[in-house]
Every structure is written in structure tokens, then in C-alpha cells.
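# Summary of the model geometry
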Amino acid sequence: MLKFLLRRLGVAILVALTVSMITFSLIYLSGDPAIALAGESASNEEIENIRQIYGYDRPIIVQYGDWLMRAIQGDLGRSHYLKSDISSVIVTRLPNTLILALCAISFALVLSIPLGVAAAIRPNSLIDRFALGLAVVGQALPSFWFALILIFFMSIQWRLLPITGTGSWKNFIMPAIALGYYVTPGVMRLTRAGMLEVLQSDYIRTAKAKGLRPMTVLFKHALRNAIIPVVSLAAVQFGFMLGGSIVIETIFAINGMGFLAWESIQRADLPMMQAIVLVLSCFYIVITFLADLLNAFLDPRIRVT
Amino acid sequence: MASQDAQTVARSGAILPGDKVLEPSPMAQLRRRVFGHYGIIIGGVVLIAILLVAAFAPYLTPYHPILDQDLSNALKVPFWHCIVVEKSFWAAVFDGRSPFSWVEPAKFSWDHPLGTDLQGRDYLTRLIHGSRISLLIGFSAMLISGVIGTALGVAAGYFGGRVDMVVNFIITTRLSMPVVLVALAVVSLIGSSLWIVIWVLGLLIWDRFAVVMRSTTMQVRNLDYVAAAQACGCSTLRIIMAEILPNVVNHLIVVATLEMAHAILLEAALSFLGLGVQPPAPSWGLMISEAKGMMFFDAWLIGIPGAALFALILAINLLGDGVRDVTAPENRN
């Protein structure tokens with residue numbers, strides 16, 4: 001177990017380092033960042049000045065090392081536009097994104113796991129077909145269009161929910177559905193396939209033959225094993241949601257990381273963009289790492305190989 | 001008497017015990033599976049229709065999607081706004097009258113069956129030309145990502161060991177970076193055009209190709225015919241091209257359809273955020289973005305391009321699911 005943990009941790013740190021390198025090099029995609037900052041009409045003197053203030057005159061390796069060391073200590077630099085500390089801005093924005101992603105993944109799991117189990121109990125039944133149809137339709141709905149449809153009916157036609165803001169729990173219902181439904185097909189299919197396989201196994205027959213109640217067999221014996229791959233998928237999808245909420249956050253004006261990313265892209269605020277990509281990637285790496293640990297804990301076979 | 005009966009039955013085409021029955025050929029079996037699959041039929045018909053529309057776009061409508069602006073003609077309504085439903089719907093039904101009636105409002109004209117947008121451009125024309133953008137981006141980005149992902153995945157699956165470790169590392173790194181965010185950042189830094197969007201998406205979404213090709217290649221490379229080819233002294237390239245790839249191509253097609261749909265959705269999302277295809281191009285995502293301010297009074301402006309997007313993605317996904325069902329060995333017979 002310790003060997004598995006250490007190896008997995010090593011990979012996670014290496015991935016994080018690589019991501020930080022890629023993120024850092026983003027700034028050079030547009031050419032010289034000093035010229036981009038100074039604007040088209042700046043004189044050579046001004047550009048040179050900016051280059052020195054922001055340290056763009058140093059060798060790239062030194063710049064990267066400096067940026068990385070500061071980032072590890074929690075200092076992500078200063079925003080070009082907001083003129084304030086990036087870390088403190090991110091700390092105020094991160095909770096909204098986390099709440100939204102948590103609501104979305106909960107919605108997805110609560111909808112898809114029972115549907116997947118029900119579909120697996122009676123394959124080819126009406127409920128199985130309904131679940132399959134839902135999955136096919138769900139995968140084809142563009143999330144931003146679905147969000148607009150939700151707004152149109154829930155807020156404009158029936159006036160049930162507020163459109164924008166983060167004031168109350170009601171603000172998170174539509175964004176969570178719009179962000180979460182996209183995950184349901186995958187989770188549902190995986191639950192269904194896992195349950196179908198497990199329900200045919202010998203130990204389930206034994207449990208049934210012992211005379212255990214069907215519900216106990218289903219949820220305590222079968223689902224526990226079928227759910228293991230779902231844990232990794234849910235973790236991965238949760239990580240994707242953190243980064244993918246940019247569209248949904250922009251539509252519903254939720255003051256989270258995605259909205260911040262969109263704002264800083266509009267303002268050409270490079271250090272802020274870098275910081276957001278880095279923070280969200282690190283979140284993904286940590287989440288998948290924890291999911292792997294959880295999986296190793298749930299399924300002893302993973303620890304060995 | 002009995003023999004006469006047998007002859008009549010035989011003439012009517014029934015099969016008798018002792019008759020020699022030929023099994024349908026593998027191609028015939030495949031044909032039966034394909035044409036017996038609802039998903040393939042529906043997805044195929046819709047996709048072919050959209051492909052035809054895209055191919056003949058300029059000949060289908062008399063207008064130009066960008067140049068034919070007429071501000072005096074702005075915001076004409078689509079044809080279904082002419083259908084008026086009676087308030088006492090059920091009363092009308094019980095009286096034997098039709099509850100629907102056709103009243104053409106002033107804001108409707110048969111010159112524009114799906115209405116016009118804010119600039120007075122024919123919405124149907126823009127919709128039709130928009131299919132070209134979606135298909136072009138989806139197909140090109142899928143090709144780019146397919147080449148990258150397949151190369152990485154097959155290399156990892158075939159060679160294993162160190163190569164596998166490195167490829168796995170690259171895949172993990174790529175997965176940990178949020179696609180939409182990175183695509184937005186890159187596009188905003190180097191400017192956005194149709195081909196930049198295609199390349200950025202193509203370079204970002206190869207992960208599923210790599211993952212699936214890696215695992216399927218691993219399965220195939222341990223089979224006897226690969227060992228036989230190795231024993232014959234075939235070169236590695238030949239084994240990969242002639243033995244491995246043809247045997248994983250069904251998985252490749254399934255992933256290709258999924259990724260094409262994925263690329264189309266991402267392009268629409270990027271254009272919706274204003275950082276994909278630039279106006280005045282008739283991209284469906286952009287059309288939704290331009291119409292989102294009109295949601296209170298002209299929601300159909302959002303509904304039409306969104307429905308088109310939905311239909312296209314649905315068709316591609318149905319086709320992909322169908323290919324998976326039809327080619328899976330456990331579904332034969």
C-alpha cells in the first residue's frame with residue numbers, strides 16, 4: 001500500500017510540474033509579453049521599462065523558477081488589470097466554483113446511480129429504455145443551450161428561479177443541472193454495466209440462496225462492488241467540472257473561477273489566466289490522486305498491481 | 001397425395017427437413033445488423049441529410065448568409081408563429097372544430113420561413129451555411145486529434161514498457177488541463193479564426209483516442225496472428241499497419257464519431273463565449289450567442305440553431321453507438 005501510494009504521489013507531482021511548465025509558457029504564445037502589456041503604440045523605452053518592472057528581461061528558466069517557487073508558497077503574482085494579489089482574488093472566487101461543482105456532481109450521481117441500478121435489474125425493460133434514451137439525449141445537448149432553455153422556462157415563463165447571482169441556494173439549482181446533466185449518461189452506463197456484471201456473479205447467487213432480502217443483496221453486496229469504477233469516473237468528472245464551468249458560470253454570472261477566467265481573458269490579464277489554469281489543473285491532479293487512493297482502499301486488487 | 005402436398009409447400013418457398021440451407025454470408029449478416037439497428041438508421045438518415053444540405057448550401061436558398069442584410073426586415077418571425085391555438089382548446093376539440101388556426105402576423109413573410117435575425121438576414125440561410133462550419137470544424141479537429149491520439153495510443157499499446165509509461169504520463173498531463181479554459185486562453189492569445197480553432201481543438205482532444213487505442217492495441221498485440229507476423233520477420237511498421245490497425249478500426253470509428261461530436265460542441269461553446277469563429281460567420285454557437293439578449297421576446301432565435309446543433313450531435317452519437325453495437329463480437333448471431 002505504501003509503495004503504491006508513493007509511486008502514485010510521484011506521478012502526481014511530476015504531472016503538476018509539467019502542467020506548470022506548459023502554463024508558464026502560455027505567456028510566450030502571443031510573442032513578447034512586454035509588448036502585449038505596453039500596447040501597440042508604446043515606444044521602445046516604455047517597453048524596456050515594463051520588461052524590467054515585470055522581470056521579463058531575465059532568462060526564461062530563471063523566470064520560470066522564480067514563478068514556480070512563489071506559486072508553491074502561495075504567491076501567484078499580481079493581476080495586470082485588477083492591480084491586486086491574484087491569490088486573494090482566487091481565494092474569494094474559488095468557493096463559488098466548488099459549491100457549483102459539488103451541487104452538479106451530486107445532482108448527476110443522485111439521478112444516474114439509481115437509474116443505472118434500476119436499468120440493470122431489468123435489462124430491456126421500459127425503465128432501461130428510458131434510461132438509455134435519457135443518456136443518448138443528454139450526451140447530445142449543448143450545455144450552454146440547455147442552460148438558456150432552463151432560464152427561458154424556469155425564470156422567464158414560470159418565474160420560479162432567479163437567473164443570475166449567487167445570493168441564495170436557489171441560484172445554484174439551474175447552473176448545477178446545466179453543468180451536471182452532461183455527466184449523467186457516462187455514470188449511468190457505467191453503473192448499469194457494472195451491476196449487470198456483478199449480478200451474474202457467484203457470490204450474489206450465494207447471497208440470494210442464503211435467503212437474504214433482495215434489497216440487502218442489491219445494495220450491500222452488488223452495488224458496493226459495481227460502484228468502484230464509478231468512484232474514479234465521478235472524481236474525474238468533478239475535476240472536469242471545475243474547469244468546464246466557465247460556460248455555465250458566464251451564463252449565470254456566478255462569481256467563480258470560470259467567470260474570473262472569462263473576465264481575465266476579456267481583459268488580456270495574462271498572469272491571472274496562468275494562475276487560474278494552474279490552480280484548476282492542480283485541483284484536478286489532487287482529486288484524481290485522492291480518488292485513486294479511495295479506489296485502492298475499496299478494491300485490494302488495485303494495490304497489488 | 002402426400003408428395004403432392006410437399007411439392008406445393010416447396011413451390012411456395014418453405015424450407016423442408018433435409019433441404020440444403022445456405023448460411024448468409026458474413027457481409028449479408030453485417031448488412032442485416034446494420035439495417036436492423038434503429039440508431040444507425042435514424043442517425044444515418046439525419047447525418048446524410050445534414051451533409052447534403054451543407055454540400056449544396058449556396059443552391060438551397062436565394063440569399064447570402066452574411067451579405068444580404070436588410071435592417072427594415074429585421075426580426076421576422078418563423079412560420080410556426082402563424083399557428084394560433086384557441087384558448088378553449090378542449091372545448092374546440094369537443095365541438096368538432098380544429099383548435100388551431102392560421103393567422104399570418106405582420107412580422108411574418110413566406111420569403112423568410114424561419115424568420116430573420118437582428119440584421120435582417122434570413123435565418124434559414126444562416127442555419128444552412130452554419131452546418132458547413134460545424135461539419136468542417138468537427139471533421140478536421142477529429143482528424144488531427146485522431147492522428148495524434150492513435151499514434152500515441154498504438155505506440156504505447158504495442159511497445160509497452162517505457163514507451164507506455166511516457167505516453168501514459170502525457171495523457172495524464174493533458175487530462176489535468178481543462179480543455180475549454182486552455183482553448184480559450186490560447187485562442188485569445190494568438191487570435192481566433194476558423195483554422196486556429198480547428199488546430200487548437202485538434203491538438204487538445206486526442207486523449208480519448210490515445211486511451212482507447214492503447215487498451216485495444218494491448219489486447220490485439222498478444223494474439224497469435226501478431227506473433228505469426230513477428231515470426232515471419234515482418235517489420236514493426238508493417239505489423240502495426242497491416243495487423244494491428246485493421247483489427248482495432250471499429251474502436252477507432254466509434255471514438256472518431258464521439259470526438260467529432262465533442263469538437264462540434266466545443267466549437268459552439270467557444271463561439272458562444274465570443275472566442276471561436278468570429279462574426280459575421282454563421283456559426284451555430286455564434287448565432288445562439290448573438291440571440292441570447294433577445295431571449296425575453298424572441299426565444300426562437302436561440303431555439304433554432306440550438307435544435308440544429310442538437311440534431312447533428314445526436315445523429316453522430318447514434319451512428320457511433322450503432323457502429324459499436326454492430327461490430328462488437330458479442331452481438332453477432
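Residues numbered from 1 in each chain as written. Chains lettered and ligands numbered in written order. Predicted model: local features only at pLDDT ≥ 70, side-chain atom pairs only at ≥ 80, totals over all residues.

## Some points on the overall build of chain A
On a plain count of helices and strands, chain A comes out with 15 helices and 0 strands. Once the C-alpha set of chain A is aligned to its principal axes, its extents read approximately 85 × 60 × 30 Å. Residues counted as buried form 40% of the 305 residues belonging to chain A. The contacts of chain A with a sequence gap of at least 6 include a subset with a gap of at least 24, amounting to 71%. (Helix = DSSP H or I, 4+ residues; strand = E, 2+ residues; numbered from the N terminus. Buried ≥ 20, exposed ≤ 12 C-beta atoms within 10 Å, placed from the backbone. Contact = placed C-beta atoms within 7 Å.)

## A word on the interface of chain B and chain A
Counting residues at the interface gives 34 residues for chain B, matched by 34 residues for chain A. Those elements that place two or more of their residues in the side of chain B that touches chain A are α7 (161-176), α8 (179-190), α12 (236-272) and α14 (300-327) of chain B. Considered class by class, the residues forming the side of chain B that touches chain A number 27 nonpolar, 6 polar and 1 charged. (Nonpolar A, V, L, I, M, F, W, Y, C, P; charged D, E, K, R; others polar.)

## Quick notes on the nonpolar core
Residues Ala147 and Ile276 of chain A together with Leu181, Ala183, Leu184, Leu201 and Ala269 of chain B are the most contacted members of the largest nonpolar core, which totals 163 residues. It is α12 of chain B that contributes the most residues to this core, 17 residues altogether. Here Leu184 of chain B is in contact with Ile265 of chain A together with Leu270, Leu273 and Leu275 of chain B, once residues within four sequence places are set aside. (Core = buried A, V, L, I, M, F, W, Y, C linked by C-beta atoms within 7 Å.)

## What to know about the confidence of the model for chain B
Low pLDDT means the predicted atomic positions in that stretch should not be read closely. Residues and elements named next belong to chain B. Averaged over every residue, the pLDDT of chain B is 86; residues scoring 70 or more account for 94%. The least confident element of chain B, judged by mean pLDDT, is helix α1 (residues 2-11) at 51; the most confident is helix α6 (residues 123-159) at 94. Here the predicted complex carries an ipTM of 0.87, next to a pTM of 0.88. (pLDDT = per-residue confidence, 0-100.)

## A word on the environment of Ile53 of chain A
Residues and elements named next belong to chain A. By the element assignment, Ile53 lies in helix α3 (residues 44-53). Residue Ile53 is classed as exposed on the basis of its C-beta count, with 11 C-beta atoms lying within 10 Å. Considering only alpha carbons, one finds Ile53 and Ala34, 19 residues apart in sequence, at a separation of 9.7 Å.

## Some remarks on the environment of His129 of chain B
Residues and elements named next belong to chain B. Position of His129 relative to the elements: it lies in helix α6. Here His129 falls in the buried class, since 22 other C-beta atoms lie within 10 Å of it. With 63 residues separating them along the chain, His129 and Ile66 place their C-alpha atoms 9.7 Å apart. With residues up to four places along the chain from it excluded, the contact list for His129 reads Ala57, Pro65 and Pro282.

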